[in-house]
Amino acid sequence: AGIPHKVHEATANGIPCVTTKLLAKQLNWAEGNELLVGDTPDEFAAQCLRLYDDQELWKSIRKQGLSIIDSDCSEVSFQKRLKSIFN
């Protein structure tokens, strides 16, 4: 339960991520945009290799990840969420 901070931290540091479908759903991030998804060990490994081997994919996932971190984890975003909880 909770926010998958390990993905936020890696992404905020410019590291494109491969996650499970569950983590992608919890984040509300789209596969192929902000991250890649692999649920089985073979799928996960294949996605990691794909990311490692494709420099343009790496750059694209990294760029989209950094962008969504800016919007999802900004101070303004957190303030809005807190206000919605307490109102």
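Coordinates for the structure precede this section.
To keep things clear, this report deals only with the structure shown in the data block. (Residues numbered from 1 in each chain as written. Predicted model: local features only at pLDDT ≥ 70, side-chain atom pairs only at ≥ 80, totals over all residues. Heavy atoms only, no water.)

**Re a nonpolar patch on the surface**
Moving on, step 1. A cluster of nonpolar side chains, contributed by Leu82, Ile85 and Phe86, occupies part of the molecular surface with about 380 Å² of accessible area.
Moving on, step 2. Mapped onto the fold, isoleucine 85 is located in helix H5 (residues 75-86).
Moving on, step 3. Among the residues examined, isoleucine 85 registers a relative accessible area of 60% and is labelled exposed. (Patch = residues over 30% accessible without salt bridge, like charges linked within 9 Å, V, L, I, M, F, W, Y side chains within 5 Å. Areas by Shrake-Rupley, 256 points an atom, 1.4 Å probe, with all protein chains shown as cover. Salt bridge = Lys/Arg side-chain N within 4 Å of Asp/Glu carboxyl O. Helix = DSSP H or I, 4+ residues; strand = E, 2+ residues; numbered from the N terminus. Buried < 20%, exposed > 50% of the residue type's maximum accessible area, 1.4 Å probe, protein only.)

**Digging into the side chain of glutamine 47**
Moving on, step 1. Among the structural elements, glutamine 47 can be located in helix H3 (residues 41-53).
Moving on, step 2. Given the relative accessible area of 10%, glutamine 47 is considered buried.
Moving on, step 3. Engagement of the side chain of glutamine 47 in a polar contact is seen with the side chain of glutamate 31, the distance being 3.4 Å.
Moving on, step 4. When near neighbours in sequence (up to four residues on either side) are disregarded, glutamine 47 contacts Val18, Glu31, Leu36, Val37 and Gly38. (Polar contact = N/O pair within 3.5 Å; in protein donor to acceptor, adjacent residues only side chain to side chain. Contact = heavy atoms within 4.5 Å.)

**Re the pattern of salt bridges**
Moving on, step 1. A full pass over the atoms with the stated rule returns two salt bridges.
Moving on, step 2. For lysine 21, the salt bridge goes to aspartate 39, with nearest N and O atoms at 3.9 Å. Placement of lysine 21 in helix H2 (residues 21-27) and of aspartate 39 in the loop between strand E2 (36-37) and H3 is noted, with a sequence separation of 18 residues between them.
Moving on, step 3. Owing to a relative accessible area of 55%, lysine 21 belongs among the exposed residues under this scheme.
Moving on, step 4. A relative accessible area of 37% means that aspartate 39 is categorised as partly exposed.
Moving on, step 5. Of the charged contacts, one joins glutamate 56 and lysine 59 as a salt bridge, the two residues approaching to 3.9 Å between their closest N and O atoms. Taken together, the positions of glutamate 56 and lysine 59, both in helix H4 (residues 55-72) and three residues apart, correspond to about one turn of that helix.
Moving on, step 6. Judged by relative accessible area, glutamate 56 falls into the exposed class, the value being 54%.
Moving on, step 7. For lysine 59, a relative accessible area of 44% puts it in the partly exposed group.

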